[in-house]
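Here are the chains, one letter per residue:
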Amino acid sequence: MADELARALSFLHGFARRKAPVVAPVPGGFAVLDERYPMSHDDNKLVVWNGRPEPVLAAAEERLAGLGHRLVCVDDDRLGREFRPAFAAAGYGHETNVVMAFHGPRPAASAATTEPLALAELLPVLREEWRESLPQAPQAVVDGLAARAAVRASGADRVEFHAVRAPDGQIAAHADLYVHEGVVQIENVYTLARHRGQGFAHALLTALLAATAGAELTFLVADAADWPREFYARLGFEPVGHTHAFLRT
């Protein structure tokens with residue numbers, strides 16, 4: 001499991017670096033910056049895995065200056081727990097994420113099918129998703145958060161957007177699929193509110209697992225405190241490690 005965690009983290013670091021216009025060193029790691037999407041936490045953040053909290057806090061203030069947020073991802077469980085007091089004192093919230101690797105039997109290829117989406121078709125779905133998640137946000141923020149999907153194409157050798165449709169033809173659930181050097185990440189799994197509880201996410205994940213049967217490692221990242229991790233566990237994903245995120249807005 002330690003090897004799987006190390007490989008998953010290496011994949012995440014590489015993905016973040018490749019899609020970022022600016023990558024800058026910081027104590028214990030690196031920062032990624034994209035001025036095109038200043039409201040995007042994921043595109044403007046620090047990623048660290050060693051060091052002390054004080055230099056990292058200072059680096060966050062320097063590198064993320066002018067933005068409305070400070071996000072520091074700590075990709076080491078022990079270090080993340082050690083950073084909590086200092087970051088809490090500096091006004092940061094905290095969440096723990098769990099990295100989950102697929103260890104179950106692969107579904108048959110015929111179990112379900114997905115439909116690849118072009119970015120143009122995905123964008124209105126993403127706008128609806130962000131409007132559901134951020135009902136009070138200005139439209140410019142919603143549009144920007146949706147539009148940032150365009151930069152993901154440079155993050156891995158293969159970046160695809162997949163969806164399943166409801167019987168009426170509407171997109172019900174979607175997810176990103178990233179493939180790079182034998183490793184697969186499934187990311188941004190989302191079922192639109194009006195289609196929840198009907199098995200669409202299960203069908204989507206089953207199809208993606210069948211389609212990537214030759215992968216050396218298939219993983220995803222889930223909120224350690226939220227219910228989707230239990231859904232992923234039922235599909236055959238098992239925890240291989242934890243990371244931490246500190247956010248101040």
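Scroll up a little and you will see the structure.
None of these values were measured; they are calculated from a predicted model. (Residues numbered from 1 in each chain as written. Predicted model: local features only at pLDDT ≥ 70, side-chain atom pairs only at ≥ 80, totals over all residues. Heavy atoms only, no water.)

1. Quick word on the pattern of salt bridges
Turning to step 1, where the next piece is worked out: This model, assessed by the stated rule, comprises 18 salt bridges.
Turning to step 2, where the next piece is worked out: Close ionic contact of arginine 248 with glutamate 61 constitutes a salt bridge, the shortest N to O distance being 2.8 Å. Remark: glutamate 61 occurs in helix α2 (residues 53-63) and arginine 248 occurs in strand β11 (residues 237-248); sequence separation between them is 187 residues.
Turning to step 3, where the next piece is worked out: On the basis of relative accessible area, arginine 248 is assigned to the partly exposed category, the value being 26%.
Turning to step 4, where the next piece is worked out: Here the residues in one salt-bridge network are Lys19, Asp42, Asp43, Lys45 and Arg148, joined through shared partners. (Salt bridge = Lys/Arg side-chain N within 4 Å of Asp/Glu carboxyl O. Helix = DSSP H or I, 4+ residues; strand = E, 2+ residues; numbered from the N terminus. Buried < 20%, exposed > 50% of the residue type's maximum accessible area, 1.4 Å probe, protein only.)

2. Structural notes on the packing of α2 against helix α3 (residues 77-89)
Turning to step 1, where the next piece is worked out: The contact between α2 and α3 brings their axes to 10 Å, and the two run at 50°. By the angle between their axes, α2 is oblique relative to α3. Crossing angle aside, the handedness with which α2 passes α3 is right-handed. Taking contact as the criterion, the partners of Pro53, Val56 and Leu57 in α2 are, on α3, Phe83, Ala86 and Phe87. (Axes fitted to C-alpha atoms, helices over the stretch in contact; angles between N-to-C directions. Parallel < 35°, antiparallel > 145°, perpendicular 65-115°, else oblique. Left-handed = near helix turned anticlockwise from the far one by under 90°. Contact = heavy atoms within 4.5 Å.)

3. Examining the packing of aromatic side chains
Turning to step 1, where the next piece is worked out: Throughout the structure, instances matching the rule amount to 10 aromatic pairs.
Turning to step 2, where the next piece is worked out: Summarising the aromatic geometry, the rings of phenylalanine 11 and phenylalanine 219 are spaced 5.5 Å apart at their centres and angled 80° between planes, so their arrangement reads as edge-to-face. Of the two residues, phenylalanine 11 is situated in helix α1 (residues 2-19) and phenylalanine 219 in strand β10 (residues 217-223); the sequence distance between them amounts to 208 residues.
Turning to step 3, where the next piece is worked out: You can call phenylalanine 219 buried: its relative accessible area is 0%. (Phe/Tyr/Trp six-rings, centres within 6.5 Å; stacked < 30°, edge-to-face > 60°.)

4. What about the environment of glutamate 129?
Turning to step 1, where the next piece is worked out: Take glutamate 129: it is sitting in helix α4 (residues 119-133).
Turning to step 2, where the next piece is worked out: Sequence separation between glutamate 129 and valine 142 is 13 residues, and the spatial gap between their C-alpha atoms is 9.0 Å.
Turning to step 3, where the next piece is worked out: Apart from residues lying up to four places away in sequence, glutamate 129 is in contact with His174, Tyr190 and Leu192.

5. Some details on unusual backbone geometry
Turning to step 1, where the next piece is worked out: Look at glutamate 181: it is not a glycine, yet its phi comes out positive at around 50°.
Turning to step 2, where the next piece is worked out: You can see glutamate 181 is positioned in the loop between β8 (171-180) and β9 (183-191).
Turning to step 3, where the next piece is worked out: The exposure class of glutamate 181 is exposed, given its relative accessible area of 61%.
Turning to step 4, where the next piece is worked out: Backbone geometry at asparagine 188 places phi at a positive 60°, although glycine is not the residue there.
Turning to step 5, where the next piece is worked out: Among the secondary structure elements, asparagine 188 is positioned in strand β9.

Take it as geometry only, folks, not as evidence of what the structure does.
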